[in-house]
Each structure stands twice: as C-alpha cells, then as structure tokens.
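Structural characterization, general
What follows is the residue order along each chain.
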Amino acid sequence: MLAKHCAVLKSLYTLLSIMAHVAGQEDREKTTALKDLLSRIDLDELMKKDEPPLTFPATLEEFEYAFNQKGQLRHIKTGEAFVFNAKEDLHRWNQKRYEALGEILTQYVYELLEKECSLTKAIVPVDAVDEEASSFIFHSADALTNPARLLVLIQGSGVVRAGQWARRLIINQDLDSGTQIPFITRAMQVGGRWDPHAVDAVDEEASSFIFHSADALTNPARLLVLIQGSGVVRAGQWARRLIINQDLDSGTQIPFITRAMQEGYGVLVLNPNENHLEVERPGSTTPPPAATPEPADEPAEKRERKDEKEGKKKREFYEKYRNPQRERETEQTPIRNHFLGIQMYPGFLSGST
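Residues numbered from 1 in each chain as written. Predicted model: local features only at pLDDT ≥ 70, side-chain atom pairs only at ≥ 80, totals over all residues. Heavy atoms only, no water.

**Digging into the overall build of the chain**
Defined as follows: Comment: elements are numbered from the N terminus, with helices defined as DSSP H or I runs of at least four residues and strands as E runs of at least two. Categorising residues by exposure relies on relative accessible area from a 1.4 Å probe, with only protein chains included: less than 20% of the type maximum marks a residue as buried, more than 50% marks it as exposed, and the intermediate range marks it as partly exposed. Contact criterion: two residues are considered in contact whenever any of their non-hydrogen atoms come within 4.5 Å of each other. Accessible areas in this description were obtained via Shrake-Rupley with a 1.4 Å probe; residue shielding takes into account the shown protein chains only.
Along its length, the chain carries eleven helices and nine strands. A total of 353 residues make up the chain; the buried ones form 25% of that total. Put simply, of all contacts in the chain between residues at least 6 apart along the chain, 65% involve residues at least 24 apart. As presented, the chain carries roughly 25,000 Å² of accessible surface, and 54% of it is formed by carbon and sulfur atoms.

**What to know about the confidence of the model for the chain**
Threshold: As a per-residue measure, pLDDT reflects the predictor's confidence and takes values from 0 up to 100.
Summarising the model, the chain shows a mean pLDDT of 75, and 64% of its residues fall at 70 or more. Predicted confidence for residues 192-201 stays below pLDDT 50, and this span has 18 contacts to residues more than four positions away or in other chains. Throughout residues 338-353 the model reports pLDDT below 50, and contacts reaching past four residues in sequence, or to other chains, amount to 56 contacts.

**Some thoughts on the side chain of Gln-228**
Tracing the sequence through the fold places Gln-228 in the loop between strand 6 (223-226) and helix 8 (240-245). Among the residues examined, Gln-228 registers a relative accessible area of 6% and is labelled buried. Once residues lying within four places of it in the same chain are set aside, the contact partners of Gln-228 are Val-233, Arg-234, Ala-235, Gln-237, Trp-238, Gln-253, Leu-270, Asn-271, Pro-272 and Asn-273.

**Some points on unusual backbone geometry**
A cis amide bond, omega -5 degrees, links Val-124 with the succeeding residue Pro-125. Relative to the helices and strands, Pro-125 is located in the loop between strand 3 (120-124) and strand 4 (135-139). The backbone of Glu-64 sits at a positive phi, close to 65 degrees, despite the residue not being glycine. With respect to the helices and strands, Glu-64 occurs in the loop between helix 3 (60-63) and strand 1 (65-67). Of note in this structure, Asp-89 is not a glycine but carries a positive phi near 65 degrees. Along the chain, Asp-89 turns up in the loop between strand 2 (73-75) and helix 4 (91-115). A residue is classified by how much of its surface remains accessible, and Asp-89, at 69% relative accessible area, is exposed.

So, in structure tokens, the structure goes:
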C-alpha cells in the first residue's frame, strides 16, 4: 500500500515538474515577444503623438513676456518669472519653446545694441558680393578712429550671439547679468578720456600683462585679437584639459598665432582672467587637532603612551587631508583700469584706419 502511495506521489511530482517547465517556457516566450514588440516602437514618435504642435510665438508680446524696469523678464499677466516646464512631462516641447524664446531675445538684444547703445551694425566682409557668405558685427561710431581706447567684446561659443553673455542669465536673472550692455555703456562713457598713467603701473601696484607681436600696434592692415574663455585658462590657452589629454595644437592658441603672423597679421593675445592680485591676509594657521583627554583613573604612564599614539595618528591624518587654501584668508586687489582685462594702448588704431 505504501509502495502505491509513493508511486502516485512520484507521478504527481513528475507531472507538476512538466507543467512548471511548460509554464516557464511560455513565460519566456511571452517575454521575448514583448521585448521584440517594444524594440519596434519608436518612443520618440510615440511621444510626439501626444505632443502639441511645435509652433511658438514670434514676439515677446505674443509670448506674453516683457522686461520690467529692472531688466527682468516677467509674464505680462502674472508678473512671474519664466517657467521652463510650461507643460509637465513634455520636456522636448518645453525645450523647443525655450529655444524659440531665445531666438526672440537674440533679436531683442540686437535692437538694444542699436537703439540704447547707439552702435552700428556692419556687414563683414565689407566687400561681400551677392550670395557670398557673410556675417555682421556691431561697433561704435569712433571704433575705427578713437586714438585712445578700444574695447573688443567677444561672447562664448554656442547659441549666444553678439551682445550676449548667456541666454540663461537673460531669461532667469536680468539683462545686466546676461548681456554685454553694461560694459558697452561704461566703455563709451570713459572711452574718450585717456589717462597716460593707465598703462604704467607704479611700484608694488597690482598689474597684469598681455602678449603681442612686434607690429600689433602699428600694422595698418590686419590685426588678430585672441581672447580665451573665463575660468582658470590664461593667455594663449583654449583649455587645459585639451593640452593635458590631447596636444598643444588642440589646447593652445599657438597654431592661430603662427598662421596669422605668416599671413601678415599683427597679433594681440589678451589676458582677461588675470585681472586681480590675490594677497594673503595676516592670520593664524589652524592648528592640528589635539588629542582627546582620557579618564583620570587610567595609569599615568599608560595614558601618556596612548595620548602620544592617538595624537600622532590625528596629526598624520590632518597633514594628509588638510586643505591649505581654506586655512588662509585672502583678499583680491583689482588691477587699476583693467576693464575686463581688455585695454589697448594709446594710438592703437590711429595708424590702422
């Protein structure tokens, strides 16, 4: 009887095993089929079906935004700042809307350069013929004749255009932060008043430097002005990362300087990031942490050995991981008349007009 029960149980176990195997195989087949179906679906196209049309207003007024008296972009009806996520869970549409607004702001800044700053829009090259590729710059009326000073403003790469530092700052902060207009206004206010002592620094005064070719101040035909981006890079560099990881030709301005001088250009390499002198303030250095006292009931000799050992460990740890930059207080002395690090010598353009 027992043997019959064992045989029945064994048969049931075999049957359940076969059923589980079949079920598992069916699950795997269903999973494979589902993966194959998903691989055929273009998620971007699927998202576009629920996405509103990518048509956006052509003016600030149609966007229902305007700049207030502080130069801040605000909604005309609510007075609120710009909201990127106008439609939740539709990042692509929100990004396209942001870019459309950015293009409108580009034209808005161009208008400010001409109307508020009284700059002239000039086509380059000046002798461009019909259908020839050309661009444009903005300049003041005396840009080519001012015998004292010339300020050259160059924005960074990317979507920003003439007159801008960053679209993000224009949209999220204000015009003074995101455009070059404050610098242009100040430059034109002081442009005609030349101080002969502005170039010659006195003893112990904070000063900076630039590099220029021998004919940079006298070349009557061509001048190449090179200016790097902001940050830790200095005159003659594009990016430290490229110098270290690739080569000098990729990370420095040397290939441009060499070619320009071969083609008869005067060369001026500006140095806007070294526009201050950092001086250490007198003060005490933070001492390494002292050993923590132990309970007095411990034998004195044992406590001394333990204190010495713990103190040594803490001093070694302190010396290994301390940050000397945080242990000293510094103050920055600005370089006199170092306006954005861009300053030309008197008579710079007098021979090249």
